[in-house]
Amino acid sequence: DNVTQLVIQSLEIAPGTRSCERLTEDLKIMFSNDANASQREEALQDFKGGIAAMRQESALFSSNHFIEELLRLRRPKSIPRWKILIKQIFEKADLDQCGTLTKEEFTNALQSHGTQARLESMNIDPEVVEEMFDIIDVDGSDDVTEAE
């Protein structure tokens with residue numbers, strides 16, 4: 001009985017499952033003094049078949065999990081339109097492409113008629129956005145990064 005438990009534990013088979021019960025029964029017969037050679041051989045073959053079936057099931061689960069993860073990557077996260085617009089404004093305003101905007105670059109970008117129209121189409125007041133520079137500039141460097 002200790003050998004049976006050790007084998008089941010080493011195979012990491014969940015106790016109480018049908019597979020666990022079947023394999024436990026096969027192991028008991030294989031190590032039983034009351035079983036004849038034919039019964040032991042049959043139990044051994046059943047045990048091997050049970051292990052093979054579990055491996056196939058595990059491989060199937062692994063491949064299904066892998067496929068699900070790949071498909072999840074194909075479904076990109078939805079990005080709010082306002083975030084996309086702010087990123088586009090930032091990239092357009094960063095004329096020197098240094099990855100930061102000075103207050104002047106920020107203000108000039110927001111005063112563009114095209115930018116104002118796009119902000120207003122999303123019910124965002126351009127003046128409110130312009131006033132937010134000091135709030136956005138969390139490190140007080142008088143410029144903002146894309147991360148800020």
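Scroll up for the structure.
Nothing here was measured: the structure is a model prediction, and the numbers come from that model. (Residues numbered from 1 in each chain as written. Predicted model: local features only at pLDDT ≥ 70, side-chain atom pairs only at ≥ 80, totals over all residues. Heavy atoms only, no water.)

Remarks on the pattern of salt bridges
Oppositely charged side chains may form a pair once their charged atoms are brought near each other.
Link 1 in the chain: A complete count under the given rule lists one salt bridge for this structure.
Link 2 in the chain: With a closest N to O distance of 2.9 Å, lysine 87 and glutamate 91 form a salt bridge. Within this pair, lysine 87 and its partner glutamate 91 are both found in helix H4 (residues 81–93), separated by four residues, close to a single helical turn.
Link 3 in the chain: Note on glutamate 91: relative accessible area 46%, which makes it partly exposed. (Salt bridge = Lys/Arg side-chain N within 4 Å of Asp/Glu carboxyl O. Helix = DSSP H or I, 4+ residues; strand = E, 2+ residues; numbered from the N terminus. Buried < 20%, exposed > 50% of the residue type's maximum accessible area, 1.4 Å probe, protein only.)

Remarks on helix H2 (residues 18–30)
Link 1 in the chain: Taking 1.5 Å per residue as the helical rise, H2 with its 13 residues ought to reach 18 Å, and the 18 Å between its terminal C-alpha atoms agrees with that figure.
Link 2 in the chain: Among all positions in H2, only Cys20, Leu23, Thr24, Asp26, Leu27 and Met30 are buried. The buried residues of H2 occupy an angular sector of 165° when the element is viewed end-on, so they sit on one face. Exposed positions of H2 whose direction lies more than 90 degrees from the buried face are Arg18 and Glu21. (Expected span 1.5 Å × (residues − 1). Arc of directions from axis to C-beta.)

Quick look at the environment of tryptophan 82
Link 1 in the chain: Considering the arrangement of structural elements, one finds tryptophan 82 in helix H4.
Link 2 in the chain: We classify tryptophan 82 as partly exposed; its relative accessible area is 45%.
Link 3 in the chain: When the C-alpha positions of tryptophan 82 and asparagine 123 are compared, they lie 9.9 Å apart, and in sequence the two are 41 residues distant.
Link 4 in the chain: Once residues within four sequence positions are removed from consideration, tryptophan 82 is found in contact with Met122 and Ile124. (Contact = heavy atoms within 4.5 Å.)

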